[in-house]
Amino acid sequence: MFTAIGAGIAVLTGVGAGIGIGLATAKSVDAIARQPEAEGKISKALLLGSALAEATAIYGFVIALLIILLLK
Amino acid sequence: MSITDELVKNLLEELNCETAFTIPLFGGIEVSESVAVTWIIMAVMTIAAICLVRNLKVSNPGKKQLILETAIGGIYNFFEDTIGEHGKRYIPYMMTVLLYLGVANLIGLFGFKPPTKDLNVTVALALMSIVLIEYSGIHQRGLKGWIKNFAQPVAIIAPINVLELFIRPLSLCMRLFGNVLGGFVVMELIKLLVPVFVPIAFSCYFDIFDGLIQAYVFVFLTSLFIKEAID
């Protein structure tokens, strides 16, 4: 029971990644709309930033999985 | 409760790196499944490479050669842009890792267990990356310059720079492993809920798109770090 709650709390890290990726995407859409010729560079930076922001969510997921599998 | 128990059992089975077979040498060398699948990937890629580069011509190239040249040239130019002029010597390694990761993430479609779902594989890849990053720094700046570079731009952040030596490979391997495993777990959950039709659409995202993106991100980050180390 408590392990499940702990795993759920660990997965809450996904909130940060969601907000971060959302903000980054919004800004990049804005930037592409302003300067369509720079799309290549912008999407490259967006992909990199998204990957880095997503990492926190992945850490939360790995921790949650470890909690469920190891503390069971 | 029985469904979750079954799921946990399934997941545990998938998480364990099973021993595919044992080589009867030196008292038995255990070969885990990920290594066996990696050998299969190596064999397929070697055969593909041999088949693709046969009969290449300088003048009047065929269709196959043109496609090959465009693809390889495109990837090469992309890496050249990221890694810079001084890092050209590392591009072949990057392309090898990119091809391996791309095939490894997609091989789940053919019924094999993706090697990247094994934490040992991603740890090994991340260690190779960090060794290459630091080697490129030493090669470019010399040992003294490499050590001095830890105190850049201000001496006070040297501990953070040293810490980065460990954080970078950790985050590289955890990102790859977590993404592949996460996609797999979500796919299992979807298959448990709706066994027909719906998984196909999600499989396109989690198996194909996500796997390729992660392969790209891994080599992209490595080449960015190398560029940072040699600039």
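Bear in mind the structure is a predicted one, so any value in this text is a computation, not a measurement.

Parameters and conventions
Residues take numbers from 1 onward in each chain, read along the sequence in its written order. Note on labels: chains are lettered from A, ligands numbered from 1, in written order. With the structure being a predicted model, the display of local features is reserved for residues of pLDDT at least 70 and the display and counting of side-chain atom pairs for 80 or more, all residues being used for whole-chain, interface and lining totals. Heavy atoms from the whole structure form the basis of all side-chain values; hydrogens and water molecules are not counted. Helix and strand assignments come from DSSP, with helices taken as H or I runs of at least 4 residues and strands as E runs of at least 2, each series counted from the N terminus. The atom set for the radius of gyration is the C-alpha atoms, and the globule formula is 2.2 Å times the number of residues raised to the power 0.38. Note on exposure labels: buried denotes an accessible area under 20% of the residue type's maximum, exposed denotes more than 50%, and partly exposed covers the range between, all computed with a 1.4 Å probe on protein chains only. What makes two residues a contact is simply this: any of their non-hydrogen atoms within 4.5 Å. Note on areas: Shrake-Rupley with a 1.4 Å probe; residue coverage comes only from the protein chains shown. What gets called buried area is simply the loss in accessible area from a 1.4 Å probe that two parts show on being joined, summed for both. One side-chain nitrogen of Lys or Arg within 4 Å of one carboxyl oxygen of Asp or Glu is enough to make a salt bridge. Polar contact criterion, stated in full: a pair of N or O atoms within 3.5 Å, where within protein one must be able to donate a hydrogen and the other to accept it, and residues adjacent in sequence count only if both atoms are side-chain atoms. Following the grouping adopted for this structure description, the nonpolar residues are Ala, Val, Leu, Ile, Met, Phe, Trp, Tyr, Cys and Pro, the charged ones are Asp, Glu, Lys and Arg, and the polar ones are all others, Gly among them. pLDDT runs from 0 to 100 and stands for how confident the predictor is about each residue. Nonpolar core, defined: a set of buried Ala, Val, Leu, Ile, Met, Phe, Trp, Tyr and Cys residues in which side-chain atoms within 4.5 Å join the residues together.

We now examine the overall build of chain A. Within chain A one finds three helices and zero strands. Here the C-alpha radius of gyration of chain A, 17 Å, is well above what a compact globule of 72 residues would show, namely 11 Å. Overall size of chain A, expressed as C-alpha extent along the three principal axes, is 55 × 15 × 10 Å. A burial count over chain A gives 25% of its 72 residues as buried. Once local pairs closer than 6 in sequence are excluded, the contacts in chain A between residues at least 24 apart make up 74%. Summed over its atoms, the accessible surface of chain A is roughly 4500 Å², and 75% of this surface lies on carbon and sulfur atoms.

Bringing the interface of chain A and chain B into the picture now. Across the contact, 15 residues belong to chain A and 22 residues belong to chain B. Summed over both sides, the interface of chain A with chain B buries roughly 1600 Å², with 79% coming from carbon and sulfur. There are zero salt bridges connecting chain A and chain B. Inspection of the chain A/chain B interface yields one residue pair in polar contact (both at pLDDT 80 or more). For the side of chain A that touches chain B, the per-class residue count stands at twelve nonpolar, no polar and three charged.

Mean pLDDT over chain B works out to 84, with 94% of the residues at or above the 70 mark. Both confidence scores are given for the complex: pTM 0.83, ipTM 0.74.

Right, let's get into the pattern of salt bridges. Side chains bearing opposite charge may pair, as long as their charged atoms lie close to each other. Residues and elements named next belong to chain B. A full pass over the atoms with the stated rule returns six salt bridges over all chains. Of the charged contacts in the structure, one is a salt bridge between Glu80 and Lys88, with a shortest N-O distance of 3.3 Å. You can call Lys88 partly exposed: its relative accessible area is 31%. Notably, a salt bridge pairs Glu164 with Arg168, separated by 3.4 Å at the nearest N-O pair. Taken together, the residues Glu164 and Arg168, both in helix 6 (residues 158-193) and four residues apart, mark about one turn of the helix. You can call Glu164 partly exposed: its relative accessible area is 29%. Looking at Arg168, the relative accessible area reads 13%, which means it is buried. Each of the salt bridges in this network shares a partner with another, and the network as a whole consists of Glu80, Glu85 and Lys88.

What follows covers unusual backbone geometry. The backbone of Phe197(B) shows a phi angle near 60 degrees, a positive value even though the residue is not glycine. With respect to the secondary-structure elements, Phe197(B) resides in the loop between helix 6 and helix 7 (198-230).

Residue and element names in this part refer to chain B. The biggest cluster of nonpolar side chains holds 49 residues, and the ones touching the most others in it are Phe79, Tyr100, Leu101, Leu125, Phe218 and Ile226. The element contributing the most residues to this core is helix 7, with eleven residues. Apart from the residues within four sequence positions on either side, Leu125 is in contact with Val97, Tyr100, Leu101, Leu176 and Phe218.

What follows deals with the environment of Phe21(B). All names here are of chain B. Examined against the element boundaries, Phe21 turns out to sit in strand 1 (residues 19-23). Distance from Phe21 to Ala36, taken between C-alpha atoms, is 8.6 Å for residues 15 residues apart in sequence. Beyond its immediate sequence surroundings of up to four residues, Phe21 is in contact with Ile29, Glu30, Val31, Ala36 and Trp39.

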